[in-house]
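Each chain is listed here by its residues.
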Amino acid sequence: WREEIAPGAVVLHGFVRDHGPELLAAVRSVVAQVPWRHLTTPGGYTMSVAMSWCGNGWTSDSRGYRYAERDAGSGRRWPAIPPILLALADEAALQAGFGHFTPDSCLINRYDPGSKLSLHQDKDERDFGAPIVSVSLGLPAVFQFGGLQRSDRARRIPLAHGDVVVWGGPSRLCFHGILPVKEGYHSLVGSHRINITLRKAL
Ligand code: MD3
Ligand code: FE
C-alpha cells in the first residue's frame, strides 16, 4: 500500500517484494564491476556502510563528496544503470505522484549488522526538483526522518524488504539516517541489508 509519511515522502510498502531475485541479480552485476568499498568521509572517518554504484558514481575524500561520470583511477565511465532499476525508478516515481523519472545515478549501500548511516542531508545533486527513489532489500532497518534542521526531532520509520520510498518536494532536503542494523538472516539476501537509491545527480 501507499503511505505519505510527510509532504513529498511516499512509502510504497512491498512495491518490489516479488522482484527480489531480479533486483539482486542486477546488484550483483554492478558489484562485479564496482566492488564494495568503504568510503572515507571528509572528516577522515571510514563509513561502516559498504558502497557500490553505477551511472554517475559517487566519491568522497578530503575535498568532500561529489558525483562523477567516470572512475578517476581508470578514466572509464562507471557501468550503466541496469534496465530493471531504471524501470523500477520510473514506475515508483509515477505511482508516488512525481511523474516520469529517469535517474542518472544509482548508489547501492550494503549494511552488515551494526552498520549505520548518521543523520545527513542529500544535497550534492544538481537538481533538487527531482525525487530520489530508494529500495530496501534484505534485513529490516529503522530509518530516521527529521526536518530541514539537524536539531529537528527525527521520526523512526521501519523499512522492510521490498519497500520503496520516493522522496521529493518538501521532504527532499530533510535530514535522514539509518540506525545500526540488527543481526539477522534474510533467506534471499543473507545477513545484510541492501539499499538502492536512484537519483538525478548531474
Ligand atoms: C530522505 N541512504 O544513500 S535511503 C543515502 O537506507 C541514504 O541507505 C539510506 O540516505 C539507506 O544517501 C536511506 C532513503 C533516503 C534517501 C535519500 C533521501 C531518504 C531520503 C533524501 C532526502 C530525504
Ligand atoms: Fe541520504
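Just above, that's the structure.
To start, this report covers the structure provided alongside it. All values reported here derive from a predicted model rather than from experimental measurement.

### Focus on the overall build of the protein
- Summing up its helical and strand segments, the protein has two helices and 13 strands in all.
- Structurally, the protein occupies a C-alpha span of about 45 × 40 × 35 Å along its principal axes.
- Sorting the 202 residues of the protein into buried and exposed places 52% on the buried side.
- Relative to all contacts within the protein whose residues are 6 or more apart in sequence, the contacts with residues 24 or more apart total 74%.
- Surface summary for the protein: the accessible area is close to 9700 Å², and the carbon and sulfur share equals 53%.

### Side note on the coordination of the iron ion (ligand 2)
- Coordination of the iron ion (ligand 2) by the protein comes from His-120 (NE2), Asp-122 (OD) and His-176 (NE2), over a distance range of 2.0 to 2.2 Å.
- In this structure His-120 comes out as partly exposed when scored by relative accessible area, which is 22%.

### Comments concerning the nonpolar core
- Counting residues in each nonpolar core, the largest one holds 30 residues, and the members touching the most others are Leu-85, Cys-106, Val-133, Leu-137, Val-164, Ile-196 and Leu-198.
- For this core, the leading source of residues is helix α1 (residues 20-33), giving six residues.
- Beyond its immediate chain neighbours, meaning those up to four positions away, Leu-137 contacts Val-16, Leu-23, Leu-24, His-161, Gly-162, Val-189, His-192, Arg-193, Ile-194 and Ile-196.

### Brief notes about the site of ligand 1
- Taken together, 18 residues surround ligand 1, and among them Asn-109, Tyr-111, Arg-172, His-176 and Arg-193 come closest.
- For ligand 1, an oxygen atom lies 3.2 Å from a polar atom in the side chain of His-120.
- At a separation of 3.1 Å, an oxygen atom of ligand 1 approaches a polar side-chain atom of Asp-122.
- Of all the secondary-structure elements, those providing two or more residues to the shell around ligand 1 are β6 (105-111), β7 (117-120), β8 (132-138), β12 (176-178) and β13 (193-199).
- At four residues, the largest contribution of residues to the shell around ligand 1 is made by β13.

### Points about the pattern of salt bridges
- Taken as a whole and judged by the stated rule, the model has five salt bridges.
- Look at the salt bridges and you will find they share partners, linking Asp-122, Glu-125, Arg-172 and Arg-199 into a network.

### Comments concerning the packing of aromatic side chains
- Overall, the coordinates contain six aromatic pairs when judged by the stated rule.
- A centroid spacing of 5.1 Å and a plane angle of 10° characterise the contact between Trp-58 and Tyr-65, whose relative ring orientation is stacked.
- Aromatic pair Trp-58 and Tyr-67: ring centres 4.7 Å apart, planes at 50°, arrangement tilted. With respect to burial, Trp-58 and Tyr-67 carry one shared label: buried.
- One aromatic cluster in this structure is built from Trp-58, Tyr-65 and Tyr-67.
- The ring of Tyr-111 carries the charged tip of Arg-193 above its face, separated from the ring centre by 5.1 Å.

### Description of the sheet that holds strand β3 (residues 50-55)
- One open sheet holds the seven strands; their spatial order is β1-β2-β11-β8-β13-β6-β3, and the pairing between them is antiparallel. Each edge of the sheet is formed by a strand with only one pairing partner; in this case those strands are β1 (2-6) and β3. The average undirected angle you get between the axes of adjacent strands in this sheet is 20°.
- Note that β6 and β13 share seven bridges and pair antiparallel. Its bridge partner being in β13, Ser-105 is matched across the sheet by Arg-199.
- The sheet strands contacting α1 are β3, β6, β8 and β13, and the helix crosses β3 at an angle near 90°.

### Observations concerning the pairing of strand β2 (residues 9-12)
- A two-sided burial pattern is seen for β2, the buried positions comprising Ala-9 and Val-11 on one face and Val-10 and Leu-12 on the other.
- Where β1 lies against β2, four bridges are found, and the strand directions are antiparallel. Each bridged residue has a counterpart across the sheet, and for Glu-4 the counterpart in β2 is Val-10.
- The antiparallel pairing of β1 with β2 creates a hairpin that spans two residues between the two strands, and Gly-8 there sits at a positive phi of about 85°.
- Bridge analysis of β2 against strand β11 (residues 164-167) gives four bridges, and the strand direction is antiparallel. What sits directly across from Ala-9, in β11, is Trp-167.

Cut-off values and rules
- Residues numbered from 1 in each chain as written.
- Chains lettered and ligands numbered in written order.
- Predicted model: local features only at pLDDT ≥ 70, side-chain atom pairs only at ≥ 80, totals over all residues.
- Heavy atoms only, no water.
- Helix = DSSP H or I, 4+ residues; strand = E, 2+ residues; numbered from the N terminus.
- Buried < 20%, exposed > 50% of the residue type's maximum accessible area, 1.4 Å probe, protein only.
- Contact = heavy atoms within 4.5 Å.
- Areas by Shrake-Rupley, 256 points an atom, 1.4 Å probe, with all protein chains shown as cover.
- Donors = N, O, S within 2.8 Å, 3.2 Å for Na, K, Ca; no water.
- Core = buried A, V, L, I, M, F, W, Y, C linked by side-chain atoms within 4.5 Å.
- Near = heavy atom within 4 Å.
- Polar contact = N/O pair within 3.5 Å; in protein donor to acceptor, adjacent residues only side chain to side chain.
- Salt bridge = Lys/Arg side-chain N within 4 Å of Asp/Glu carboxyl O.
- Phe/Tyr/Trp six-rings, centres within 6.5 Å; stacked < 30°, edge-to-face > 60°.
- Lys NZ or Arg CZ within 6 Å of the ring centre and 35° of its normal.
- Pairing = 2+ DSSP bridges.
- Axes fitted to C-alpha atoms, helices over the stretch in contact; angles between N-to-C directions.

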